[in-house]
Amino acid sequence: MTRSTRPGFGALIYFSAAFALCTYFTFAAVQGDFGLFRRVEIVAESDALRDTLGHLEREISAAENLTRRLSDDYLDLDLLDQQARSVLGLLRADEIVIR
């Protein structure tokens, strides 16, 4: 009865399966749906959306200011004159238009 000193196939299969699982989970942690690359994409997208939100909030506040200045309670005559000139194309009788 002689014993073999070389390792059996069981150990080789065990370590190759463990290596394959470690490789799979590492790949999933980096490039999966919830991985590091996806997190960086989400953070960049949220920063871009915050910038867009800030820009839209400034536009809304400017529109609210113009609306308030043309309301019945508070009428800005200079703004009314400017809007009549730009939107309606109105002029006073003593003005000359050069194009």
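Everything numeric in this text was worked out from a predicted model, so none of it was measured.

Undergrad: Hey, could you go over the overall build of the chain for me, with residue numbers and the actual values?
TA: When helices and strands are counted, the chain shows three helices and zero strands. Ordered by position from N to C terminus, the α and β elements of the chain give α-α-α. Taken over the C-alpha trace, the chain has a radius of gyration of 36 Å; the compact-globule value for 99 residues is 13 Å, which it surpasses by more than 25%. By its C-alpha atoms, the chain is 125 × 35 × 15 Å across when sized along the principal axes. Residues counted as buried form 5% of the 99 residues belonging to the chain. Carbon and sulfur atoms form 63% of the exposed surface of the chain, whose accessible area is close to 9500 Å². Treating the 11 positive side-chain charges of the chain as one cloud and the 15 negative ones as another, the clouds have centres 15 Å apart.

Undergrad: Give a detailed account of the confidence of the model for the chain, specifying residues and quantitative values.
TA: With 96% of its residues at a pLDDT of 70 or more, the chain has an overall mean of 88. Ranking the elements of the chain by mean pLDDT puts helix α3 (residues 77-88) last, at 84, and helix α2 (residues 36-69) first, at 95.

Undergrad: Go over the packing of aromatic side chains, please, and point to the residues and values.
TA: Taken as a whole and assessed by the stated rule, the structure comprises two aromatic pairs. Taking 5.3 Å as the distance between ring centres and 70° as the angle between the ring planes, the aromatic pair formed by Tyr14 and Phe15 counts as edge-to-face. The two residues Tyr14 and Phe15 agree in class, both being exposed. Considering the side-chain rings of Tyr24 and Phe25, the 5.3 Å spacing of their centres and the 65° angle between planes classify their relative orientation as edge-to-face. Lying across the ring of Tyr74, Arg68 places its NZ or CZ 5.0 Å from the centre.

Undergrad: Go over the side chain of Asp76 with me, naming the residues and quoting the values.
TA: Summarising the element assignment, Asp76 is placed in the loop between α2 and α3. Within the structure, the side chain of Asp76 is placed 2.5 Å from the side chain of Arg69, a separation counted as a polar contact. Setting aside chain neighbours within four positions, we find Asp76 in contact with Arg69 and Leu70.

Cut-offs used in this document
- Residues numbered from 1 in each chain as written.
- Predicted model: local features only at pLDDT ≥ 70, side-chain atom pairs only at ≥ 80, totals over all residues.
- Heavy atoms only, no water.
- Helix = DSSP H or I, 4+ residues; strand = E, 2+ residues; numbered from the N terminus.
- Rg over C-alpha atoms; globule rule 2.2 N^0.38 Å.
- Buried < 20%, exposed > 50% of the residue type's maximum accessible area, 1.4 Å probe, protein only.
- Areas by Shrake-Rupley, 256 points an atom, 1.4 Å probe, with all protein chains shown as cover.
- Lys, Arg positive; Asp, Glu negative; His and termini not counted.
- Charge placed at Lys NZ, Arg CZ, Asp CG, Glu CD.
- pLDDT = per-residue confidence, 0-100.
- Phe/Tyr/Trp six-rings, centres within 6.5 Å; stacked < 30°, edge-to-face > 60°.
- Lys NZ or Arg CZ within 6 Å of the ring centre and 35° of its normal.
- Polar contact = N/O pair within 3.5 Å; in protein donor to acceptor, adjacent residues only side chain to side chain.
- Contact = heavy atoms within 4.5 Å.

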